[in-house]
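Architecture at a glance
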Amino acid sequence: MRTSSLNRSWYIFALLLSALILTSPTSVFAQKAKQGSASARPALKYEAPGAAAWWEKKASIPAPLVTTVGQLIISEFRLRGTGGANDEFIELYNTTSSPLTATSATGTGLGIVASDGAVRCSVTNGTIIPARGHYLCVNSVSYSLSTYPAGNGTTATGNASYVLDIQDNAGIAVFNTDLPINFTLANRLDAVGSSTEANAVYKEGTGYPALSPLNTEYSLFRDLSVTGLPKDTDNNVADFLFADTQATDAGMGSRLGAPGPENLSSPIQRNATIKASVVDPGAAATAAPNRVRDSTPNSCAGGANCSLGTLTIRRKFTNNTGAAVTRLRFRIVDITTFFVPAGTADLRALSSTDVTVTLTGGGMTLVRGLTLEQPPNQPNGGGLNSSQTLGIVTSGTPIANGASVNVQFVLGVQQSGSYRFFINVEALP
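Residues numbered from 1 in each chain as written. Predicted model: local features only at pLDDT ≥ 70, side-chain atom pairs only at ≥ 80, totals over all residues. Heavy atoms only, no water.

Right, let's talk about empty space enclosed by the protein for a bit. For the structure shown, the criterion picks out 4 cavities of 30 Å³ or more. When contributions to the lining of the largest cavity are tallied by element, the ones reaching two or more residues are β1 (72-78), β2 (89-94), β11 (218-222), β13 (268-269) and β26 (421-428). When the residues that make up the lining of the largest cavity are grouped by side-chain class, the tally is 7 nonpolar, 7 polar and 7 charged. Taken as a whole, the second largest cavity spans an internal volume of roughly 100 Å³. As for the second largest cavity, its lining consists of 15 residues, and the residues nearest its centre are Arg80, Asp168, Leu211, Ser212 and Tyr218. Along the lines of polarity and charge, the residues of the lining of the second largest cavity split into 10 nonpolar, 3 polar and 2 charged. (1 Å grid on protein atoms, 1.4 Å probe; cavity = no way out; pocket = protein on both sides within 12 Å on 5 of 7 lines; lining within 4 Å. Points joined across faces, edges and corners; volume = space filled by probe spheres on them. Helix = DSSP H or I, 4+ residues; strand = E, 2+ residues; numbered from the N terminus. Nonpolar A, V, L, I, M, F, W, Y, C, P; charged D, E, K, R; others polar.)

Encoded structure:
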């Protein structure tokens, strides 16, 4: 009987395999079947061409799921800084509650691309971004925030880098591919750009207002104030806020704050599992020692940024993550700060030291101070997107599951009035 070369090859392979199994009953697969349970893999067997193929050939391995719209977004970025036009970074955020494995539709990764069409970074296939975690792409020419604190003993260095400057007010996008031919709206995961960006693929909605190119310590970041999670309405002007350490008006209003780039090692938002309560349950949340207003002018450490004294808020944070917490910090997601109208308080986040306070009904308790994280230098105090860390929490001195720690937020008062102050809890693991 004549057969095609393909059929002949298959037939010879099958015969050889059949012979191997008949003469080698203790082959690897046979051994596994013997050692396992009734559900162990079946022994290999020969079946004639055309019949149901042997199990190895018939079994299927699911293809990785391609990263889709809504799973990965641009959460913070800047297109220049104090280091000049190349002092840039682009931060991505995993919006899901599970680790996200980067998987492109084509190419070798997810492309982070500027509107000039050039790939700045590729999130390589197989990269795992933690649940609610971040990925950081930086311009290695002049990126100046690489020593901003991140995880346990790590800092905000880039997970990937580039050297080609992104023009001021240009759009940037993330695609499910790093192949330029496929940089289309259909393959876009997210985008942000200014109102002057002509290519709609590289912005959402009308875009944010074009910025004056100032070399300040600024960034644009998604609003976290409503739910503690990045706002994403598919309209850049509604989703992103601008802040810098000098409260400069570069085109999006004046707002005191700081950039806070985060990478794969950075702490994760843990609002649901590290809850706040008052330090003294016997006192109202608005009464001492839970909240203290000191009106003494310039009474804060160093006397700067507290011309009308301080407001101190003390809270107990309990670890219910199910594991020991080895890193704990707090990110300011809403605060009334410079510039604000009359009748609204102008508050500045300050570093503080440990204190011991008296509890209602007697007794004392230790309350830990927090440190304003730098860089950048924040001469006017911390504002929106600034972070404060509890330095005593480390991998060597963690907060055990179920344990608590008292901390105080000391806020300098530059103008009195009604106020808002909200934070996200960020922790590892």
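Another aspect to go through is the environment of Asn263. By the secondary structure assignment, Asn263 is in the loop between β12 (240-244) and β13. Asn263 sits in the buried class, given a relative accessible area of 3%. For the pair Asn263 and Thr157, spaced 106 residues apart in sequence, the C-alpha to C-alpha distance is 7.2 Å. Ignoring sequence-local partners within four residues, the contact set of Asn263 consists of His134, Leu136, Ala150, Thr155, Ala156, Thr157 and Asn159. A polar atom in the side chain of Asn263 sits 3.0 Å from the backbone oxygen of Thr155. (Buried < 20%, exposed > 50% of the residue type's maximum accessible area, 1.4 Å probe, protein only. Contact = heavy atoms within 4.5 Å. Polar contact = N/O pair within 3.5 Å; in protein donor to acceptor, adjacent residues only side chain to side chain.)

Glancing now at the nonpolar core. A general tendency of soluble globular proteins is for nonpolar side chains to be buried together. Formed by 32 residues in total, the largest nonpolar core has its most connected members in Phe77, Ile90, Leu92 and Leu220. Every residue in contact with Phe77, bar those within four places of it in the chain, is listed here: Phe89, Ile90, Ile172, Val192, Tyr208, Ser219, Leu220 and Phe240. Listed in part, the 24 residues of the second largest apolar core include Phe330, Ile335, Leu390 and Phe421. (Core = buried A, V, L, I, M, F, W, Y, C linked by side-chain atoms within 4.5 Å.)

We now examine the sheet that holds strand β23 (residues 387-389). Within the open sheet, the 5 strands sit side by side as β13-β26-β17-β23-β22. Their pairing is antiparallel. Only two strands of the sheet have a single neighbouring strand rather than two, namely β13 and β22 (371-372). Note that strand β17 (residues 327-335) and β23 share 3 bridges and pair antiparallel. If you follow Phe330 over to β23, its bridge partner there is Gln388. (Pairing = 2+ DSSP bridges.)

What follows is about the sheet that holds strand β8 (residues 160-162). Here 6 strands make up an open sheet; going across it, the order is β8-β7-β2-β1-β11-β12 and the pairing mixed. Pairing within the sheet leaves two strands with one partner each, and these edge strands are β8 and β12. The mean angle between the axes of side-by-side strands here comes to 20 degrees, regardless of whether they run parallel or antiparallel. Pairing between β1 and β2: 6 bridges, direction antiparallel. Across the sheet, the residue bridging to Ile73 is Tyr93, located in β2. (Axes fitted to C-alpha atoms, helices over the stretch in contact; angles between N-to-C directions.)

The next subject is the confidence of the model for the protein chain. For the protein chain, per-residue confidence averages 88 on the pLDDT scale, and 85% of positions sit at 70 or higher. The model gives residues 1-57 a pLDDT under 50, and that stretch makes 35 contacts with residues more than four places away or in other chains. (pLDDT = per-residue confidence, 0-100.)

Before going further, it helps to examine the pattern of salt bridges. In total, this model carries 17 salt bridges according to the counting rule given. Taking the shortest distance from any N to any O, the salt bridge between Glu204 and Arg188 comes out at 3.8 Å. Taken together, the residues span a long stretch of sequence, with Glu204 in the loop between β10 (188-192) and β11 and Arg188 in strand β10 at a distance of 16 residues. Residue Glu204 shares its accessibility class with Arg188, and that shared class is buried. Asp346 is the partner of Arg348 in a salt bridge, and the nearest nitrogen-oxygen pair spans 2.8 Å. No difference in accessibility class separates Arg348 from Asp346, as the two residues are buried. (Salt bridge = Lys/Arg side-chain N within 4 Å of Asp/Glu carboxyl O.)

In this structure, the amide linkage connecting Ala288 to the following residue, Pro289, adopts the cis form with an omega of 5 degrees. Counting through the fold element by element, Pro289 comes out in the loop between β14 (274-278) and β15 (291-294). Here the bond from Leu428 into Pro429 is cis, since omega is 0 degrees, no more than 30 degrees from zero. The residue Pro429 is located in the segment after β26 in this model. In this structure, Ala247 takes a positive phi of about 55 degrees despite not being glycine.

The next thing to look at is the side chain of Thr95. Secondary-structure assignment places Thr95 in the loop between β2 and β3 (100-101). Reaching out from Thr95, the side chain makes a polar contact with the backbone oxygen of Gly70 at a distance of 2.4 Å. Excluding anything up to four places from it in sequence, Thr95 contacts Gly70, Gln71, Ile73 and Arg132.

The description of an aromatic ring pair rests on the distance of the ring centres and on the angle between the ring planes. Applying the stated rule across the entire model yields 11 aromatic pairs. Ring centres 4.8 Å apart and planes at 20 degrees place the aromatic pair Phe175 and Phe183 in the stacked group. For the pair Phe175 and Phe183, one class covers both residues: buried. An aromatic cluster is present here, built from Phe317, Phe330, Phe409 and Phe421 joined pairwise through their rings. (Phe/Tyr/Trp six-rings, centres within 6.5 Å; stacked < 30°, edge-to-face > 60°.)

Take Thr389: it is sitting in strand β23. For Thr389, a relative accessible area of 14% corresponds to the buried category. The residues contacting Thr389, other than those within four sequence positions of it, are Arg327, Leu328, Arg329, Leu370, Thr371 and Glu373. In this structure the side chain of Thr389 is engaged in a polar contact, spanning 3.4 Å, whose partner is the backbone oxygen of Leu328.

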